[in-house]
Amino acid sequence: MIRDITLGQYYDADSVIHRLDPRVKIVAAFVYLVMIFFVRDFIGYLFVGAVLAAVIIASGVPLRFIARGMRPIMFILLFTFLINIFMYRGAVLVRLGPLSITDNGLKQAVFIALRLVLLIFGTSLLTYTTKPMALTDGIESLLRPLRRIGVPAHEIAMMMSIALRFIPTLLEETDKIMKAQQARGADFESGNLFQRAKSLIPLLIPLFVNAFRIAMDLAMAMEARCYRGGEGRTRLHPMKYRRSDAAAYVLLILFAVLVIVQSRGLLPIPMLWEV
Amino acid sequence: MKTFISIEGLVYDYPARTPEDQPVRAIDGLDLHIREGSFTAVLGMNGSGKSTLAKCLNGLYVAGDGRVLVDGMDTADDANVWKIRSTVGMVFQNPDNQMVSSIVEDDVAFGPENLGVPSEKIRERIDAAMKAAGIFEQRHRKVHLLSGGQKQRTAIAGVLAMQPRCVVFDESTAMLDPQGRAGVMEIIEDLRRTGITTILITHNMEEAVRADRVIVMKEGRIILEGPPAVVFADRRQIEAAGLALPASLTVRDELIKRGIPVPDYILEMDALAEWLVRTAEAGEPDDED
Ligand SMILES: Nc1ncnc2c1ncn2[C@@H]1O[C@H](COP(=O)(O)OP(=O)(O)O)[C@@H](O)[C@H]1O
Ligand SMILES: [Mg+2]
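For every chain, the first residue of the written sequence is number 1, and numbering continues from 1 along that sequence. Labels follow written order: the first chain is A, the first ligand is 1, and so on. Thresholds applied to this predicted model are a pLDDT of at least 70 for local features of residues and 80 or more for the giving and counting of side-chain atom pairs; totals over whole chains, interfaces and linings are not thresholded and use all residues. To obtain the side-chain values, all non-hydrogen atoms of the structure were included, while hydrogens and water were left out.

### Here we look at the sheet that holds strand 4 (residues 65–70) of chain B
All names here are of chain B. With antiparallel pairing, the four strands of this open sheet are ordered in space as 2-1-4-5. Either end of the sheet is taken by a strand with one partner, and the two such strands are strand 2 (24–35) and strand 5 (73–74). Contact definition: two residues touch when any of their heavy atoms are within 4.5 Å. Comment: axis = line fitted to C-alpha atoms, over the contacting stretch for helices; angle = value between 0 and 180 degrees taken between N-to-C directions. Going along the chain from the N terminus, every DSSP run of H or I of four or more residues is numbered as a helix, and every run of E of two or more is numbered as a strand. Across the sheet, helix 1 (residues 50–57) lies against strand 1 (3–14), strand 2 and strand 4, angled at about 125° from strand 1, the strand it touches most. For two strands to be treated as a pair, DSSP must find no fewer than two bridges joining them.

In structure tokens:
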């Protein structure tokens, strides 16, 4: 049974990146995400890749940890690569029966794959270097200005941290129920897809009931500990911007400007394999 | 000593679940006065209204009739609600279902955070609370990886961090192994020494005999109360309430039946064993019949 599971993964270390304010990292991840879609040629990818590599090195997270995040999307990556490689017209490079690989197809396929890899590496770096609690605190603080238009910033953050807290508890409950049902002869492993899905019903219903009971208990316990929403609440670890955070914002702006300027062809260097 | 909690004519009904149903009367005209710094054990069968009573003590439930005063504050008055909840802390039965954060110290800080305590002061408070509950060494661990006893210590620390003057334990030892139980009982003894009023709801008679006063509930009323020696002397009522005697008292009864005159004030197993050893060493009184 997987006991030590968290959403995303945190890699415990004490690096410049780990020490940055969570808000900086969330904003940076967001900006980075958008910038990847600005890039239009190989030099752009080279630049973004180099920046990412520098941040990864500074974070002290081993590359194999980050690469692990690729495993679940390996299939999607391969699939999009194969689709793209055959989809574009251009100078034919290789002919495979009715299908042909063109120079444009190859370029597109490589770039899309690069984009996905950069995306996964960059965003997983956020969860590797930020504790889940800090992440939810950061989200709450960033959403706070949107409260005026009715976004429940505190509630969203509280829901996320409670979800994180109870994932392991619910997994344990699932395990318990599964064992209890198996002891009574339930079979979760054999049969076709439909039969297996059906055999999950006696698992899901008690799990649902338990989750409700836990929610009631928890609500009562939270009230007993004077919980009354985000108003007037203080924090054990208050977030405070420091000089390094300001520096990080400056670098981030510089990064974004460079990517945009380069992708528009405004730099005195030629575009390489532009698409 | 002065009265800390005073309950007069308390009635609490759970609303009917369907229009045809009757509301469920969980507390039925209950009077109770609890002195500051005392240690009270509450006994009674499942469904006798113990948890409902506990929730009335800190304003989670508000009296349908009668009133509950905590240190002079009426729990029905909305203005007092946060003051009362931080004054009367509650530790529940299932430690898993009362923790909000994934990390021990973050969870302990939840109460003070809600009370708006400044950040530096929160640190002082939670460190003191975690030390008092014996969980300080584990403060950076994930709560779901702790043992049951450690989880309950975390929950207790979370309550102590609000600096309550009274702590109610609602069957908080029920899901623990013997070691975990002993740990929680030790914390209760410590609280009592620091003058905190404690109320322990339990099914464990050995725990109950350690209290200053025992209250036995049945169908939403108190049917028996007094010091443990007096309450457990009323064998008929104890049986009527569906309770068992503490093992120590069963043994004592047997000894008395066999002519060994064990005095009344001996209630706990440890004390009984000690008395037996002492008596045996002091020249073996006529134990030959
Ligand atoms: N949420 C609820 N809704 C309706 N009835 C309840 C609820 N909780 C408890 N009761 C009823 O109130 C009575 C007292 O319950 P409770 O205070 O939980 O007893 P105890 O803690 O002594 O086992 C029982 O008859 C129980 O069925
Ligand atoms: Mg109960």
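On we go from here.
### So, the site of ligand 1
Residues and elements named next belong to chain B. Consider each residue's heavy atoms; a residue with any of them within 4 Å of a molecule or strand counts as near. Neighbouring ligand 1 are Tyr14, Arg17, Val24, Ala26, Met45, Asn46, Gly47, Ser48, Gly49, Lys50, Ser51 and Thr52. By the criterion applied in these results, polar contacts are pairs of N or O atoms within 3.5 Å in which, for protein atoms, one can donate a hydrogen and the other can accept it, and in which residues neighboring in sequence qualify only through two side-chain atoms. Here an oxygen atom of ligand 1 sits 2.7 Å away from a polar atom, N or O, in the main chain of Gly47. One of the side-chain N or O atoms of Thr52 is found 2.4 Å from an oxygen atom in ligand 1. Every accessible area reported is derived by Shrake-Rupley at a probe size of 1.4 Å, with residue values counting cover from the shown protein chains alone. When isolated, ligand 1 has an accessible area of 560 Å², and the protein chains bury 67% of it. Elements with a contribution of two residues or more to the shell around ligand 1: strand 2 and helix 1. For this classification, the nonpolar set comprises Ala, Val, Leu, Ile, Met, Phe, Trp, Tyr, Cys and Pro, the charged set comprises Asp, Glu, Lys and Arg, and every other residue, Gly included, is treated as polar. Taken together, the residues that form the shell around ligand 1 break down as four nonpolar, six polar and two charged.

### As for the interface of chain A and chain B
By a widespread convention, an interface's size corresponds to the accessible area lost as its parts come together. Across the boundary between the two partners, chain A contributes 33 residues, which contact 39 residues of chain B. What gets called buried area is simply the loss in accessible area from a 1.4 Å probe that two parts show on being joined, summed for both. For the pair chain A and chain B, the two sides together bury roughly 3200 Å², of which 54% comes from carbon and sulfur. Considering only the surface of chain A that becomes buried against chain B, Arg165(A), Arg225(A) and Leu236(A) emerge as the three largest contributors, covering 27% of it. The term salt bridge refers to a pairing of a side-chain nitrogen on Lys or Arg with a carboxyl oxygen on Asp or Glu at a separation within 4 Å. If you look at where chain A meets chain B, you find five salt bridges. The shortest N-O distance in the salt bridge between Arg235(A) and Glu113(B) comes to 3.2 Å.

### With respect to the domain arrangement of chain B
All names here are of chain B. Source of the domain bounds: an automatic or database domain assignment. Here the domain parsing of chain B yields domain 1 (3–245) and domain 2 (246–284). When each unit is reduced to the centre of its C-alpha atoms, the spacing between domain 1 and domain 2 is 32 Å. Facing 10 residues of domain 1, the contacting portion of domain 2 comprises 10 residues. Across the interface of domain 1 and domain 2, roughly 760 Å² is buried in total on both sides, 63% from carbon and sulfur atoms. The largest contributions to the domain 1 side of the interface with domain 2 come from Val209, Arg235 and Leu245, which together make up 56% of the buried area. Taken together, the connections running from domain 1 to domain 2 amount to one salt bridge.

### Digging into the sheet that holds strand 3 (residues 39–44) of chain B
Residue and element names in this part refer to chain B. Strand order in this open sheet of six strands is 6-7-8-3-9-10, and the pairing throughout is mixed. Edge positions in the open sheet fall to strand 6 (88–91) and strand 10 (221–226), since each of these has one partner strand only. The average angle at which neighbouring strand axes cross in this sheet is 20°, direction not considered. Bridging between strand 3 and strand 9 (residues 213–218) involves five bridges; their strand directions are parallel. Paired with Leu43 across the two strands is Val216, which belongs to strand 9.

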